[in-house]
Amino acid sequence: MECVFGLVGKGFAIVAADTSAVHSILLHKNNEDKIMLLDSHKLVAASGEPGDRVQFTEYVQKNVSLYKFRNGIPLTTAAAANFTRGELATALRKNPYSVNILMAGYDEESGASLYYIDYIATLHKVDKGAFGYGSYFSLSTMDRHYREDMSVEEAIELVDKCILEIRSRLVVAPPNFVIKIVDKDGARDYAWRQSVQDVTTAAV
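Note that the structure is a prediction, hence the values are computed from the model and not measured. (Residues numbered from 1 in each chain as written. Predicted model: local features only at pLDDT ≥ 70, side-chain atom pairs only at ≥ 80, totals over all residues. Heavy atoms only, no water.)

(A) Quick peek at the overall build of the protein chain. Within the protein chain, the secondary structure is distributed over four helices and twelve strands. Computed over its C-alpha atoms, the radius of gyration of the protein chain comes to 17 Å, within 12% of the 17 Å expected for a compact globule of 204 residues. Projected onto its principal axes, the C-alpha positions of the protein chain cover 55 × 40 × 30 Å. Taken over 204 residues, the protein chain has a buried fraction of 46%. In the protein chain, once contacts between residues fewer than 6 apart in sequence are set aside, the share between residues at least 24 apart is 59%. Averaging the locations of the 22 positively and 26 negatively charged side chains of the protein chain gives two centres separated by 2 Å. (Helix = DSSP H or I, 4+ residues; strand = E, 2+ residues; numbered from the N terminus. Rg over C-alpha atoms; globule rule 2.2 N^0.38 Å. Buried < 20%, exposed > 50% of the residue type's maximum accessible area, 1.4 Å probe, protein only. Contact = heavy atoms within 4.5 Å. Lys, Arg positive; Asp, Glu negative; His and termini not counted. Charge placed at Lys NZ, Arg CZ, Asp CG, Glu CD.)

(B) Structural context of the pattern of salt bridges. In total, this model carries 14 salt bridges according to the counting rule given. We note a salt bridge from Asp160 to Arg193, for which the minimum N-O separation is 2.7 Å. Of this pair, Asp160 sits in helix α4 (residues 152–169) while Arg193 sits in strand β12 (residues 186–193), placing them 33 residues apart in sequence. The class for Asp160 is partly exposed, based on a relative accessible area of 27%. A salt bridge links Arg188 to Asp183; the nearest nitrogen and oxygen atoms lie 2.9 Å apart. Among the charged side chains, a salt-bridge network with shared partners connects Glu2, Asp18 and Lys34. (Salt bridge = Lys/Arg side-chain N within 4 Å of Asp/Glu carboxyl O.)

(C) Fine view of the pairing of strand β8 (residues 111–117). Counted residue by residue, β8 has six buried out of seven residues, so it is predominantly covered. Two strands pair when backbone bridges link them, and strand β7 (residues 99–107) and β8 are joined in this way by seven bridges, in the antiparallel orientation. Bridge pairing in β8 links Ala104 to Leu114. Between β7 and β8, which pair antiparallel and follow one another directly, the connecting turn spans three residues. Across four bridges, β8 lies against strand β9 (residues 123–126) in antiparallel orientation. What sits directly across from Leu114, in β9, is Val126. Linkage of β8 to β9, two consecutive antiparallel strands, is achieved through a turn of five residues, within which Ala121 is found at a positive phi near 70°. (Pairing = 2+ DSSP bridges.)

(D) Layout of the sheet that holds strand β5 (residues 35–39). In spatial order, the strands read β5-β6-β7-β8-β9; together these five strands make up an open sheet with antiparallel pairing. Because the sheet does not close on itself, it has two edges, and the strands there are β5 and β9. In this sheet, adjacent strand axes meet at a mean angle of 25° when their direction is disregarded. Relative to the sheet, helix α1 (residues 50–71) contacts β5, β6 (42–48) and β7, its axis offset from that of β5 by approximately 15°. Lying over the sheet, helix α2 (residues 77–92) contacts β5, β6, β7, β8 and β9, oriented at roughly 160° with respect to β7. (Axes fitted to C-alpha atoms, helices over the stretch in contact; angles between N-to-C directions.)

(E) Broad picture of the sheet that holds strand β11 (residues 177–183). Read across the open sheet, the five strands follow the order β10-β1-β2-β11-β12; overall the sheet is antiparallel. Pairing within the sheet leaves two strands with one partner each, and these edge strands are β10 (128–132) and β12. Pairwise comparison of adjacent strand axes, ignoring direction, gives a mean angle of 15° for this sheet. Contacting β1 (3–8) and β10, helix α3 (residues 135–145) crosses the sheet at an angle of about 165° to β10.

(F) Seen up close, a nonpolar patch on the surface. A contiguous nonpolar patch, built from Met1, Tyr133, Tyr136, Val171 and Val172 and spanning about 590 Å² of accessible area, is present on the exposed surface. Mapped onto the secondary structure, Val171 falls in the loop between α4 and β11. (Patch = residues over 30% accessible without salt bridge, like charges linked within 9 Å, V, L, I, M, F, W, Y side chains within 5 Å. Areas by Shrake-Rupley, 256 points an atom, 1.4 Å probe, with all protein chains shown as cover.)

Set out below in structure tokens:
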């Protein structure tokens, strides 16, 4: 029951994701961070099969770093999104990855942006996007309340509305979420929304 969503505001982009590591009917942990720091000004929020999600996002992260090391300049968010889309398209004909990505970034020339990349290598630049079962509720909430000129405080309020709607409506709703932001000052954690703490099982 994964939930990943994001939006672009005035000079920033925000992405949020649930933090549940789930297999079948089992919940393994409540603090799995599904939003990776791609570089100083890019974030990748991913959903999908855990192995594919971790392996592919790490692969993209290392290749983005390699490009900067070789050329002395970082990839733009658009270039990183197109590289990611190309790798998914290549894998689609060989050994496809079951992973969906929201890539958020900030560039000096173009400002904040958000890219929607799904497991069959569809790429779109969007103002707001979502993946997983939570998208049924977060997309409709964002459609109702989203504005292009939102401030950070207004965007966080909207993210909290989406989380509340997911927790209220989804049968097996994830309890915890992580929220990250990227703007001219870089990519960073913004907040965790926790309703259940991760508990270590005592040895019997």
